[in-house]
Amino acid sequence: MTDQLAISNLTLRHRIPDDWAADPWAEVRPLIDGVDVLREVHPEGLALSCRHWTGPAESWPLAVTEEPRRVKITEPTCTAGCCGALYVTMRREGDRVIWDAWENTSDVTALPADVCFSAAQYEAELARAAADRSWEEPVDTIARLLERTLAGSGWFEQWGCVLTSVRPRREEPDVPEELTSPEGVDVEFRQVRASGERSCSYGYELFVTHDRSVEEQVRRLAAGILADDPRKTAELREH
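Residues numbered from 1 in each chain as written. Predicted model: local features only at pLDDT ≥ 70, side-chain atom pairs only at ≥ 80, totals over all residues. Heavy atoms only, no water.

Student: So what's going on with unusual backbone geometry? Residues and values would help.
Tutor: Positive phi, normally seen in glycine, also occurs at Asp33, with a value near 55°. On the secondary structure map, Asp33 appears in the loop between strand 3 (27-32) and helix 1 (37-41). Even without being a glycine, Ala101 presents a positive backbone phi close to 50°. As for its placement among the helices and strands, Ala101 is situated in strand 6 (residues 96-104). (Helix = DSSP H or I, 4+ residues; strand = E, 2+ residues; numbered from the N terminus.)

The structure is reproduced here in structure tokens:
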């Protein structure tokens, strides 16, 4: 049946979710022939965020091989076990990429049709999307570059810690100022403990401004963290 499918076109679009509390990074949403067919069958689902597209090509969420791979292509902001998710099996067959064997575990029973892509167009679009920064707002760029700086410094390791998360923090519209934090970046790390010992978690709530360049703010934020033992300068979140 798959050899009778028409060739479709894949487009990957970065989108900052309306509800970004669970993951503030943009999702990388697949469109098939320009249509968001996944939203039609899983309206509450979000595609995996761009933070999953930073490693080698074989690790990207939509990477394919000749061996079929079942992929969770959209999931809710809670958990798949709570509200269900949308799954598809994807594989490469010669010069084609096939998506089929859809499974919808949400309350919606509808499923997308099986899809066939040109492997060349498909893989080129994955590479383009992985390198795309055009969607970023300044806070996203600052968070991405700050994470790169901190991860490459080896600073946390010097203090027996490991960097666990760097995330943009967006302003919440229509929320009183006293109930929300200003726009910025959240940095989290934990202290490495021996097996069986409880680990301490720490965090920085950093703030960004609109009157300085992205590069200057990354340097300023990184310098503040790299100036002293982070276990002393960060907030203890969990002991």
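Let us keep going from here.
Student: Could you give an account of the packing of helix 4 (residues 138-153) against helix 6 (residues 214-225), naming the residues involved and the relevant values?
Tutor: Their axes nearest at 9 Å, the elements helix 4 and helix 6 cross at an angle of 45°. Classified by the interaxial angle, the pair formed by helix 4 and helix 6 is oblique. Along this stretch, helix 4 crosses helix 6, giving a crossing that reads as right-handed. Seen from helix 4, the contacting residues are Pro138, Thr141, Ile142, Leu145, Leu146, Thr149 and Leu150; seen from helix 6, they are Val214, Gln217, Val218, Leu221, Ala222 and Ile225. (Axes fitted to C-alpha atoms, helices over the stretch in contact; angles between N-to-C directions. Parallel < 35°, antiparallel > 145°, perpendicular 65-115°, else oblique. Left-handed = near helix turned anticlockwise from the far one by under 90°. Contact = heavy atoms within 4.5 Å.)

Student: How would you explain the packing of aromatic side chains if you had to name every residue and give the values?
Tutor: In this structure the tally under the stated criterion is 9 aromatic pairs. These aromatic residues form a ring-pair network of at least three members: Trp99, Trp102, Phe117 and Tyr122. Just above the ring of Tyr87 sits the side chain of Arg70; from NZ or CZ to the centre is 3.9 Å. (Phe/Tyr/Trp six-rings, centres within 6.5 Å; stacked < 30°, edge-to-face > 60°. Lys NZ or Arg CZ within 6 Å of the ring centre and 35° of its normal.)

Student: Can you lay out the state of the cysteines for me, pointing to particular residues and giving the numbers?
Tutor: Counting across every chain of the model gives 0 disulfides. Here Cys161 is not disulfide-linked; the sulfur of Cys200 is the nearest cysteine sulfur, at 8.7 Å. (Disulfide = S-S within 2.5 Å.)

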